[in-house]
Amino acid sequence: MGNDNSPAPPTDAELRERLTPLQYQVTREKGTERAFTGAYAHHKEAGVYRCVCCGADLFSSTTKYDSGSGWPSFWLPLAGENVRTHVDRSHGMVRTEVNCARCDAHLGHVFDDGPRPSGQRYCINSASLAFEPDHAHGEPGIEQDRRA
Ligand SMILES: [Zn+2]
């Protein structure tokens, strides 16, 4: 493909070393974390969710919503070109798999029962994501009232 500008995606050996077993299983072996167990299922801070493997910006807190599914849910990716989707016929179902466009990490699936305006529900594993809070980029004075 010859895209010289983007950094090379991490190698498999590097990811085995760096990721937790669950993160590796989800992103590289198309696993699924158990519902309601992921770190970001009910996470409400403002910021960006990056690919845990390669750091690509994938989702924003501004399009995250509570779908009740037990997995982080978004009605839109942060940038359409940063995720790739394709039909997944595994497990006797026809679903649309969502992958990181840069490193091909498995992220989750997208369904067409999401809220307006997109009508889409990106159902994503917390284990595929690394959250970066907004205040890392400024606005240090704002303290959010957070539940423990
Ligand atoms: Zn990635």
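Everything below is about the structure shown above.
Here, residues in each chain are numbered from 1, in the same order as that chain's written sequence. Restriction of local features to residues with pLDDT of at least 70 applies here, the model being predicted, together with a cutoff of 80 or more for giving and counting side-chain atom pairs; totals for whole chains, interfaces and linings are based on all residues. Note that the side-chain values use all heavy atoms of the structure and ignore hydrogens as well as water.

1. Let's talk about the environment of R95
Okay, step 1: Of note, R95 is situated in strand 6 (residues 95-100).
Okay, step 2: For the exposure calls, accessible area comes from a 1.4 Å probe over protein chains only, and a residue counts as buried if that area is under 20% of its type's maximum, exposed if over 50%, partly exposed in between. Residue classification places R95 among the buried positions, given a relative accessible area of 18%.
Okay, step 3: For the pair R95 and H109, spaced 14 residues apart in sequence, the C-alpha to C-alpha distance is 6.9 Å. The numbering of helices and of strands both runs from the N terminus, where a helix is a DSSP run of H or I of at least 4 residues and a strand a run of E of at least 2.

2. Structural notes on the pairing of strand 2 (residues 57-60)
Okay, step 1: Any two strands with at least two DSSP bridges between them are considered paired. Bridge analysis of strand 1 (residues 47-51) against strand 2 gives three bridges, and the strand direction is antiparallel. What sits directly across from Y49, in strand 2, is F59.
Okay, step 2: The antiparallel pairing of strand 1 with strand 2 creates a hairpin that spans five residues between the two strands, and G55 there sits at a positive phi of about 85°.

3. Considerations on the pattern of salt bridges
Okay, step 1: Salt bridges are defined by distance alone: a side-chain nitrogen of Lys or Arg within 4 Å of a carboxyl oxygen of Asp or Glu. Per the stated rule, a full pass over the model turns up seven salt bridges.
Okay, step 2: Residues D104 and R84 are paired through a salt bridge, measuring 3.4 Å at the closest nitrogen-oxygen approach. Of this pair, D104 sits in the loop between strand 6 and strand 7 (106-111) while R84 sits in strand 5 (residues 83-88), and the two are 20 residues apart along the sequence.
Okay, step 3: D104 gets classed as partly exposed once you look at its relative accessible area, which sits at 40%.
Okay, step 4: Note that R95 is salt-bridged to D88, the shortest N-O span being 3.6 Å. Summarising the burial analysis for this pair, R95 and D88 share the class buried.
Okay, step 5: Connected through salt bridges with shared partners, the residues R50, D57 and E132 form a single ionic network.

4. Let's talk about the coordination of the zinc ion
Okay, step 1: Coordination of the zinc ion by the protein comes from C51 (SG), C54 (SG), C100 (SG) and C103 (SG), over a distance range of 2.3 to 2.4 Å.
Okay, step 2: Taken together, the four donor atoms coordinating the zinc ion span angles of 102 to 115° at the metal, a pattern that classifies the geometry as tetrahedral. Donor selection uses N, O and S atoms within 2.8 Å of the metal (3.2 Å for Na, K and Ca). Since no water is included, sites may look incomplete. Metal sites are grouped by the angles between bound donors: all angles between 85 and 135 degrees with four donors is tetrahedral, opposite donors over 155 degrees apart with the others between 65 and 115 is square planar for four donors and octahedral for six, and any other pattern is irregular.

5. Remarks on the sheet that holds strand 9 (residues 129-133)
Adjacent strands of a sheet form backbone hydrogen bonds with each other and so pair up, either parallel or antiparallel.
Okay, step 1: Ordered by their spatial adjacency, three strands build an open sheet running 2-1-9, and the pairing between neighbours is antiparallel. One side of each edge strand has no neighbouring strand; the edge strands of this open sheet are strand 2 and strand 9. Each neighbouring strand pair of the sheet contributes to a mean axis angle of 30°, computed without reference to strand direction.
Okay, step 2: As judged from the five bridges shared by strand 1 and strand 9, these two strands associate in the antiparallel manner. Each residue of the ladder has a partner; that of C51, found in strand 9, is L129. Lines are fitted to the C-alpha atoms to define the axes, a helix being fitted only along its stretch in contact, and any angle between axes, read from their N-to-C directions, falls within 0 to 180 degrees.

6. What to know about the sheet that holds strand 8 (residues 121-124)
Okay, step 1: If you walk across this open sheet you meet the six strands as 3-4-8-7-6-5, and the pairing is antiparallel. Edge positions in the sheet fall to strand 3 (64-65) and strand 5, since each of these pairs with one other strand and no more.
Okay, step 2: Two strands pair when backbone bridges link them, and strand 6 and strand 7 are joined in this way by four bridges, in the antiparallel orientation. Each bridged residue has a counterpart across the sheet, and for E97 the counterpart in strand 7 is H109.

7. Let's talk about the nonpolar core
Okay, step 1: Nonpolar core, defined: a set of buried Ala, Val, Leu, Ile, Met, Phe, Trp, Tyr and Cys residues in which side-chain atoms within 4.5 Å join the residues together. One finds C51, L58, F59, C100 and L107 to be the most contacted residues of the largest nonpolar core, which totals 24 residues.
Okay, step 2: Contacts are residue-level and defined by heavy atoms, with any inter-residue pair within 4.5 Å sufficient. When residues no more than four places from it in sequence are discounted, the contact partners of L107 are L58, F59, V83, V98, N99, C100, C123, I124, N125 and S128.

8. Things to note about helix 2 (residues 21-29)
Okay, step 1: Within helix 2 the residues assigned to the buried category are Q23, Y24, V26 and T27.
Okay, step 2: Contacts made by the buried residues of helix 2 are with helix 1 (12-18) and strand 7.
Okay, step 3: Note on helix 2: the residue one or two positions beyond its end, K30, has a positive phi of about 55°.

Keep in mind these values describe shape, not function.
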